[in-house]
Amino acid sequence: MGILRTDKISGLETPTAVTGSVNFPGSDDYITAPANTPELLLGDADFTIEGWFYKTGTGQQDAFGLYETANNRRSYLLTTGDSSTIFYYNYTGSSGTSVTASFTLSLNEWVHVAITKDGTTLKIYVDGKLSGTTTGLTSGAYANTDDQFMIGSSDYSNANGSEWTGHISNLRIVKGYVLYNGDFTVPDHALEVVPGTVLLACNNPDSVTAVESALIGKGLTLTAVNDVAISSINPGLTRDFTGGTEFRGVTTFDTQGYFVPPSGTTTDRDSAGGRGVIKGGDNAISYISISSQGNSKDFGDLTVQAENTSACASSTRGLFSAGYNHPLYHKIIDYVTIATTGNATSFGSITTGESYVYGMGGCSSSTRGLFGGGFSAPSPDALSGVAAITYVTIASLGNSQSFGDLTVGVRYPSATSSPIRGIFGGGRNTPDGNINVISYVTIATTGDATNFGDLTFAPYSQASTGSSTRGMTMGGFNPAGNTAFDNIDYVTIASTGNAQDFGNLTVARGGHAATSNAVRGTFAGGNNVPAATNHIDYVTIASTGDALDFGDLTSSSGSLSALSDSHGGLS
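Residues numbered from 1 in each chain as written. Predicted model: local features only at pLDDT ≥ 70, side-chain atom pairs only at ≥ 80, totals over all residues. Heavy atoms only, no water.

1. Concerning the overall build of the chain
1) Next: Per the secondary structure count, the chain includes 3 helices and 46 strands.
2) Next: Residues classed as buried in the chain amount to 55% of the 571 residues present.
3) Next: Taking the intrachain contacts of the chain between residues at least 6 apart in sequence as the baseline, contacts between residues at least 24 apart amount to 60%.
4) Next: Roughly 21900 Å² of accessible area belongs to the chain as shown, and the carbon and sulfur atoms make up 47% of that amount. (Helix = DSSP H or I, 4+ residues; strand = E, 2+ residues; numbered from the N terminus. Buried < 20%, exposed > 50% of the residue type's maximum accessible area, 1.4 Å probe, protein only. Contact = heavy atoms within 4.5 Å. Areas by Shrake-Rupley, 256 points an atom, 1.4 Å probe, with all protein chains shown as cover.)

Quick look at the structure:
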């Protein structure tokens, strides 16, 4: 029988230092990633770069860098002088921008440095204190390179004898997220992979080139050049957290008490954060941080301009199935990497028996995305709506495959999911009539949907989202399409039965988009007949009550769709 120590559960045992740092002797000694590694190209994305640095040599030195030889673009953290100034520098090939810390770096001491880019503002923090700010950055100004990433050097500094001399620990690059927005307490534990982490390195006591990333399946590799080595000099970080010991993986104890700690890392289970990605009525994509409040920011564009799209996502990749931009109708599927920014890439096509299909409902588990229902045009015999459900494997590429049929053919349904079930509800099934029917499927299987219950109202072009236990449906248009609903309904996904009233939106509308993390649901845009709105609302999913104001979209828009990296199907 295993012995379960109470100090292990409480987190009160003596912390063990993590000897995760790398020594760079400073003469052609560095770590490099393969050239043209897209995950490490920051482009115009927001980002956070941080780590601990321990300088032993004098003069100018580069701790890490991105460099493109052809256009002489480079971006790197630089220290200069014997009593070193720290600054982050970017050169685009025609002009340079830098942010300098008002801090003097002593030799042979650990210092934590964090650089953030938030829109057009660049900040540098030293030991948790804001030490420098640059504003007014322009598009295309940051690390828009397609060549070489290096740790302990940059290609530029390597040619000029400015390699890093000293130690680096826990170097983390988080793309698409700003982790610090003001003075903060420097972590006393080793850094972890958080959403958007494209690289976490120099943190393994057994390997110089070990690397972690949130981008599952990318296979990012590092290579050590010359005399780079594991170092016993470290910033004294631990693996212990203020909330107690972190259980990793599937952990069980064979005791008569049948104590089974939760699976996954602490980060895996902390899904209250997350990013929502919202596709507008044209081809524009924006994003929000669901756990905060504020206006959306530009993400990129779909491959085509289309409205009445649908969406689904895993924790890393988001899929949009394109709709129509009259007179053009599409069946294509695009995808984006949620933690980044940039234009979408072609995934495949929706495969149904219809020549065209749009206005579907989309939902997903962590591995599989479903698209169901829709409107087939321009054939007049499709006015009753499409019943077909198709599915894709989100981590792959290719056309969708047949799953089964909804209980009724329906245009403009909405959908949400738990990790087990997909829920489709509402929509329009005749030229002038809506339905309030809810049906469900088991995502990991295939087969026709089963009746779940009814909504309290009968909308079309409504939106749905939820947590792993509760699904919500809100808004939409009445059968004539001349007024909009502000209703919010909810169901318990693991059960069956009719929906119950949750509360009301701040603005009645249809054609809007909904997305969520494990705690909060957000509802963006839509048409309040006849005008489009840019409102974003939010609710706490586990409660009931009216929605509250979150912020605004980048522009007023209807016929939207949305997804997130932390929705109910992943929890």
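2. Overview of the environment of Asn 478
1) Next: For Asn 478, the location among the structural elements is in the loop between β37 (470-474) and β38 (487-492).
2) Next: Looking at Asn 478, the relative accessible area reads 16%, which means it is buried.
3) Next: Remark: the alpha-carbon pair of Asn 478 and Gly 433, spanning 45 residues in sequence, is separated by 8.7 Å.
4) Next: When neighbours within four sequence positions are excluded, Asn 478 is seen to be in contact with Asn 434, Tyr 460, Thr 483 and Phe 485.

3. A short note on the pairing of strand β12 (residues 166-175)
1) Next: Buried residues dominate β12, accounting for 10 of its 10 residues.
2) Next: Note that strand β1 (residues 22-24) and β12 share 3 bridges and pair antiparallel. Across the sheet, residue Asn 23 finds its bridge partner in β12, namely His 167.
3) Next: As paired strands, strand β3 (residues 47-55) and β12 are joined by 8 bridges and run antiparallel to one another. Following the sheet pairing, Ile 49 is matched in β12 by Ile 173. (Pairing = 2+ DSSP bridges.)

4. Digging into the packing of aromatic side chains
1) Next: The full count for this structure, using the stated rule, is 17 aromatic pairs.
2) Next: Taking 6.5 Å as the distance between ring centres and 55° as the angle between the ring planes, the aromatic pair formed by Tyr 358 and Tyr 412 counts as tilted. One end of the pair, Tyr 358, is in the loop between β25 (345-349) and β26 (361-364); the other, Tyr 412, is in the loop between β29 (401-410) and β30 (414-417), and 54 residues separate them in sequence. We note that Tyr 358, like Tyr 412, is buried.
3) Next: Put simply, the rings of Tyr 358, Phe 375, Tyr 412, Tyr 460 and Phe 477 touch in pairs and so form one group of aromatic residues.
4) Next: When the ring centre of Tyr 177 is taken as reference, the NZ or CZ atom of Arg 275 above it lies at 4.8 Å.
5) Next: Between the NZ or CZ atom of Arg 421 and the centre of the ring of Tyr 440, over which it lies, the distance is 3.8 Å. (Phe/Tyr/Trp six-rings, centres within 6.5 Å; stacked < 30°, edge-to-face > 60°. Lys NZ or Arg CZ within 6 Å of the ring centre and 35° of its normal.)

5. Observations concerning the sheet that holds strand β41 (residues 520-524)
1) Next: Sheet architecture is open: 4 strands sit in the order β40-β41-β44-β45, paired in antiparallel fashion. Sheet topology places β40 (513-516) and β45 (548-552) at the edges, where each strand pairs with a single neighbour. Geometrically, the sheet is characterised by an average inter-axis angle of 25° between neighbouring strands, direction not taken into account.
2) Next: Note that strand β44 (residues 535-540) and β45 share 4 bridges and pair antiparallel. Paired with Asp 537 across the two strands is Asp 549, which belongs to β45. (Axes fitted to C-alpha atoms, helices over the stretch in contact; angles between N-to-C directions.)

6. What to know about the confidence of the model for the chain
1) Next: Looking at the chain as a whole, its pLDDT mean stands at 82, while 81% of the residues score no less than 70.
2) Next: Taken as a whole, residues 1-17 scores under 50 in pLDDT and shows 27 contacts with residues more than four places along the chain or in a different chain.
3) Next: Low pLDDT, under 50, characterises residues 240-272; the predicted model gives this stretch 57 contacts beyond four residues in sequence or across chains. (pLDDT = per-residue confidence, 0-100.)

7. Some words on the nonpolar core
1) Next: Counting residues in each nonpolar core, the largest one holds 40 residues, and the members touching the most others are Phe 53, Ile 115 and Ile 151.
2) Next: The residues contacting Phe 53, other than those within four sequence positions of it, are Ala 63, Phe 64, Leu 77, Glu 109, Trp 110, Val 111, Val 113, Trp 164, His 167, Ile 168 and Leu 171.
3) Next: Within the second largest apolar cluster, 13 residues are counted, among which are Ala 415, Ile 435, Val 441 and Ala 449. (Core = buried A, V, L, I, M, F, W, Y, C linked by side-chain atoms within 4.5 Å.)

8. Observations concerning the pattern of salt bridges
1) Next: Applying the stated criterion across every chain, the model contains 4 salt bridges.
2) Next: With a shortest N-O distance of 3.4 Å, Lys 297 and Asp 46 are connected by a salt bridge. Taken as a pair, Lys 297 in strand β19 (residues 297-301) and Asp 46 in the loop between β2 (30-32) and β3 lie far apart in primary sequence, 251 residues in all.
3) Next: Residue Asp 46 is classed as buried on the basis of its relative accessible area, which comes to 5%.
4) Next: Glu 50 is the salt-bridge partner of Arg 172, the closest N and O atoms lying 2.6 Å from each other. With Arg 172 in strand β12 and Glu 50 in strand β3, the pair connects residues that are 122 residues apart, well separated along the chain.
5) Next: Note on Glu 50: relative accessible area 1%, which makes it buried.
6) Next: Salt bridges here are not isolated pairs; linked through shared partners, they connect Asp 46, Asp 118 and Lys 297. (Salt bridge = Lys/Arg side-chain N within 4 Å of Asp/Glu carboxyl O.)

9. Some details on unusual backbone geometry
1) Next: Cis geometry is adopted by the peptide bond preceding Pro 530, which originates at Val 529 and carries an omega value of 0°.
2) Next: Here Pro 530 lies in the loop between β42 (527-528) and β43 (531-532).
3) Next: Phi is positive for Asn 226, close to 65°, though the residue is something other than glycine.
4) Next: Among the structural elements, Asn 226 can be located in the loop between β15 (223-225) and β16 (229-230).
5) Next: On the basis of relative accessibility, which here comes to 52%, the residue Asn 226 falls in the exposed class.
6) Next: One non-glycine residue with positive phi stands out, namely Val 529, at about 25°.
7) Next: Considering the arrangement of structural elements, one finds Val 529 in the loop between β42 and β43.

10. Comments concerning the sheet that holds β26
1) Next: With antiparallel pairing, the 4 strands of this open sheet are ordered in space as β26-β27-β28-β29. The open sheet terminates on both sides in strands that have one partner only, identified here as β26 and β29. When strand polarity is set aside, the average angle formed by the axes of neighbouring strands in this sheet is 20°.
2) Next: Where β26 and strand β27 (residues 368-372) come together, 4 bridges link them in antiparallel fashion. Along β27, the bridge assignment pairs Gly 361 with Gly 372.

11. What to know about the environment of Val 410
1) Next: Along the chain, Val 410 falls in strand β29.
2) Next: Residues Val 410 and Arg 428 lie 18 residues apart in sequence; the distance between their C-alpha atoms is 5.3 Å.

12. A short note on the environment of Pro 413
1) Next: Considering the arrangement of structural elements, one finds Pro 413 in the loop between β29 and β30.
2) Next: Separated by 16 residues in the primary sequence, Pro 413 and Asn 429 place their C-alpha atoms 9.6 Å from one another.
3) Next: Apart from residues lying up to four places away in sequence, Pro 413 is in contact with Gly 359, Met 360, Gly 361, Gly 372, Gly 373, Gly 374, Gly 425, Gly 426, Gly 427 and Gln 462.

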